[in-house]
Amino acid sequence: MAIDSSSGCGERKGVPVRRARQPNLSHCGDPGRFGRVADRGDRGRLQMTRVISTVGPAAGLADEMSMMDILSPMNIALEILLVTGGAAAIGAVLILGWGVLVERHWWQETRQRVDCRSPGQSTAGSGRVRIVLLSDFHLQRGARLDPALVARVNALQADLLLLAGDFIDDDRGIAACGAALGGLRARCGAFAVLGNHDHLRYGVRDMFRNDHTPAGRNNVAALVRALGEVGIRVLVNESVRIRVGAVSVHLLGLGDQLAGALDLPRARARFRNGARIVGPRIVLGHSAPPLEEFEPDHRTIGLAGHTHGGQIRIPRFSDWWLKRRLQLDHLRGWRESAHGGRVYVNRGIGTSRLLPIRVNARPELAVFDLVADACPSRSRSEAWAEERSPALAAEDSAPVA
Ligand SMILES: [Fe+2]
């Protein structure tokens, strides 16, 4: 049906008929549209158009056409898309701000009670060891730890302070170690292992590569020296025996696997050496997988960091991506290994300079209260003593890979 607006209302002889005004289609912006609607034979719409065109101004027709355009499926879909996209963009900005400004600094204290006693051991024959575990500081030039965190660590009066590596991102962070970590206290000492970021310097491109090819290497000797100056002893495939009250603790620190510093045969020998003592055995590593290489028993636990708890945890996505990216299937908390060992992965304190954000993965101050068999035959005044069995003396002098 075609529209003839010049005779749209009909015209009888001798009866003057008010002619419909020619609609000014230029108001619609697209005169062709009008014709297309008419071609569809939309009678109802046509009638409405006639009424409007008869009694109303041309602007009325334009309004009616605008409403029809607005209600078209394409426009509705477009508007939904725009609204959804706008909401998503605002949400992303809010999450970004939260992750960078708030959650990244919002550390959380977690408590773990670990029973390392022999089966059937009574409480009377056991002692307690409190351990504070921190990791992944990623200190940069001039960095400091949150004073509240330092105060809390010291208030916990831990027997041992264990630090699971990634102190720095690059050599510029070494000078910050003293001021940042020097205020931390523990009754029987602070011990550390090094992480991949302590050895290797990464660039932006490395974030998207799986081969851990570094942009450069850091000055590890200077870092170990700086940590030593504030009383933190770095263990690289080495073990120490530490006396904590009535309990002897055997602590083994691993070299970092990703940096090629892990000497597993040597570490295993050190671990077996710990079988001679009564008390808990702790394997400290930067990343968790090597911790599963040691024969588990009731008194052995593994402690690690490295994953930052996933750092940006988007449900159903980030864990999958991180596991694929880092080849890790355990990102936080406890896990019983395939061999029955207990391994805890700490979420760490900091972030790398390349991705300074945390979402749904708060920094963590982990506290472990170990209950372990006491060893009353040893002097309680002994703080700690290195293991120096003849069989391992030669290995001690061997360079670490
Ligand atoms: Fe890290």
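None of these values were measured; they are calculated from a predicted model.

(A) The arrangement of the overall build of the protein chain in detail. When its secondary structure is counted, the protein chain shows eleven helices and 15 strands. Sorting the 401 residues of the protein chain into buried and exposed places 35% on the buried side. Taking contacts inside the protein chain between residues at least 6 apart in sequence as the whole, the part at least 24 apart equals 76%.

(B) Representation of the sheet that holds strand E1 (residues 108–115) within the structure. Ordered in space as E1-E14-E2-E3-E4-E7, the six strands form an open sheet in which the pairing is mixed. This sheet does not close on itself; its edge strands, each paired only once, are E1 and strand E7 (232–234). Direction aside, the axes of adjacent strands within the sheet are offset by 25° on average. For strand E2 (residues 126–134) and strand E3 (residues 160–163), the ladder comprises four bridges, and the chain directions are parallel.

(C) Region of the structure containing helix H4 (residues 73–102). For H4, built from 30 residues, the straight-helix expectation of 44 Å at 1.5 Å per residue is met to within 8% by its first-to-last C-alpha distance of 42 Å. Counting buried residues along H4, only one of its 30 residues qualify, which leaves the element largely exposed.

(D) Geometry of the pairing of E2. Here eight bridges tie E2 to strand E14 (residues 364–373), and the two strands are oriented antiparallel to one another. The partner of leucine 133 across the bridge, within E14, is alanine 366. Taken together, E2, helix H5 (residues 147–155) and E3 constitute a β-α-β crossover, and its handedness is right-handed.

(E) Quick peek at the nonpolar core. The biggest cluster of nonpolar side chains holds 75 residues, and the ones touching the most others in it are Leu160, Leu162 and Leu284. With sequence-adjacent residues up to four places away left out, leucine 162 is seen in contact with Ile131, Leu133, Phe191, Leu284 and Leu303.

(F) How the structure looks around the packing of helix H6 (residues 174–181) against helix H8 (residues 220–229). At their nearest, the axes of H6 and H8 sit 9 Å apart, and the two run at 20° to each other. As judged from the angle between their axes, H6 and H8 are roughly parallel. Classified by chirality, the crossing of H8 by H6 is right-handed. For the pair H6 and H8, the contacting residues are Ile174, Cys177 and Gly178 in the first and Ala222, Leu223, Ala226, Leu227 and Glu229 in the second. For the contact of H6 with H8, the residue count by class is six nonpolar, one polar and one charged.

(G) The arrangement of the confidence of the model for the protein chain in detail. Confidence along the protein chain averages 79 in pLDDT terms, with 73% of residues attaining 70 or more. Taken element by element, the predicted model of the protein chain shows its lowest mean pLDDT in helix H11 (residues 390–397) (34) and its highest in E3 (98). Note that pLDDT drops below 50 for residues 1–56; the model gives that stretch 45 contacts with residues more than four away or on any other chain. Low pLDDT, under 50, characterises residues 378–401; the stretch is placed with 37 contacts to residues that sit more than four places away or in other chains.

(H) Just the environment of arginine 358, in detail. With respect to the helices and strands, the residue arginine 358 is situated in the loop between strand E13 (342–345) and E14. Separated by 255 residues in the primary sequence, arginine 358 and glutamate 103 have C-alpha atoms spaced 5.9 Å apart.

(I) Molecular detail of unusual backbone geometry. Positive phi values are uncommon outside glycine, yet histidine 308 reaches one of about 60°. Within the chain, asparagine 360 stands out as a residue other than glycine whose phi angle is a positive 60°. Summarising the element assignment, asparagine 360 is placed in the loop between E13 and E14.

(J) Representation of the pairing of E3 in the model. Burial along E3 is two-sided: the residues Leu160 and Leu162 and Leu161 and Leu163 are all buried. In this structure, E3 lies alongside strand E4 (residues 190–192), joined through three bridges in parallel fashion. Counterpart to leucine 161 in the pairing with E4 is alanine 190. Considered for its hand, the β-α-β crossover made up of E3, H6 and E4 is right-handed.

Rules behind the numbers
Residues numbered from 1 in each chain as written. Predicted model: local features only at pLDDT ≥ 70, side-chain atom pairs only at ≥ 80, totals over all residues. Helix = DSSP H or I, 4+ residues; strand = E, 2+ residues; numbered from the N terminus. Buried ≥ 20, exposed ≤ 12 C-beta atoms within 10 Å, placed from the backbone. Contact = placed C-beta atoms within 7 Å. Pairing = 2+ DSSP bridges. Axes fitted to C-alpha atoms, helices over the stretch in contact; angles between N-to-C directions. Expected span 1.5 Å × (residues − 1). Right-handed = clockwise from strand over helix to strand, strands pointing away. Core = buried A, V, L, I, M, F, W, Y, C linked by C-beta atoms within 7 Å. Parallel < 35°, antiparallel > 145°, perpendicular 65-115°, else oblique. Left-handed = near helix turned anticlockwise from the far one by under 90°. Nonpolar A, V, L, I, M, F, W, Y, C, P; charged D, E, K, R; others polar. pLDDT = per-residue confidence, 0-100.

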